[in-house]
Amino acid sequence: ANALDDAIASYAMAITLSPQEAAHHALLAAALDRAGRSDSAIAAYEQALLLEPTLIGTYTDLAALYEETGRADDARALLDRGMLIAPTDVQFYVAYSEYLMEHGEVDRALSMLAVADQIAPTTDMLVARANFYISQKRYDDALADLALAIKKEPGAIDAYLALSNAYQKKDDTKRAEQIIE
């Protein structure tokens, strides 16, 4: 057996010992998903949310799995439910906005990022919004957000990587390389 099979067996045993522990179900689901066992992973994620509806990371993991298995309506409904469960979770706003961007809902994604910025103007949120701006070729907006992110947290590697990416997309490879150095 490989390490993934061992992990699945371990999580299954943990569930046998503590069936009401939602985290065990979520861990089993993640392992099953990595093993390509989508239907079993979905069932385990759903059980985790039944046991503990506030496991907000599980919403995004299960929504991604729904999406991969052609259940886009279920993914959207689940993310909407997650918004009701965690209306101030900035990480969830960022994840949901990325989902919206992937589905062409640019205005709604931007609105969601603006709300996240009001709740907690974190470096991660600024980088997420900058990456969105880069994808929309709004480089000046991206550079402004990244400058704020770096000012707020000078060691934010993700901000520097996004800044380099923005300059590469703007065809300014010299500045992109200087940032990485």
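Everything quoted here is computed from the prediction, not taken from an experiment.

So, unusual backbone geometry
Unlike most non-glycine residues, Lys137 shows phi in positive territory, near 60 degrees. In this fold, Lys137 is placed in the loop between α8 (123-135) and α9 (139-152). With phi around 65 degrees, Asp171 is a residue other than glycine that occupies positive phi space. Along the chain, Asp171 turns up in the loop between α10 (157-169) and α11 (173-180). Using a relative accessible area of 69% as the deciding quantity, one classes Asp171 as exposed.

A word on the packing of helix α4 (residues 56-68) against helix α5 (residues 72-85)
Packed helices, taken two at a time, are described by their axes: the angle between them and the distance between them. Two elements in contact, α4 and α5, have axes whose closest approach is 8 Å; the angle formed by their N-to-C orientations is 170 degrees. It follows from the interaxial angle that α4 and α5 lie roughly antiparallel. Contacts from Ile56, Tyr59, Thr60, Leu62, Ala63, Tyr66 and Glu67 in α4 reach Ala72, Asp74, Ala75, Leu78, Leu79, Arg81, Gly82 and Ile85 in α5. Tallied by class, residues from the contact of α4 with α5 come to 10 nonpolar, two polar and three charged.

The rules behind the values
Residues numbered from 1 in each chain as written. Predicted model: local features only at pLDDT ≥ 70, side-chain atom pairs only at ≥ 80, totals over all residues. Heavy atoms only, no water. Helix = DSSP H or I, 4+ residues; strand = E, 2+ residues; numbered from the N terminus. Buried < 20%, exposed > 50% of the residue type's maximum accessible area, 1.4 Å probe, protein only. Axes fitted to C-alpha atoms, helices over the stretch in contact; angles between N-to-C directions. Parallel < 35°, antiparallel > 145°, perpendicular 65-115°, else oblique. Contact = heavy atoms within 4.5 Å. Nonpolar A, V, L, I, M, F, W, Y, C, P; charged D, E, K, R; others polar.

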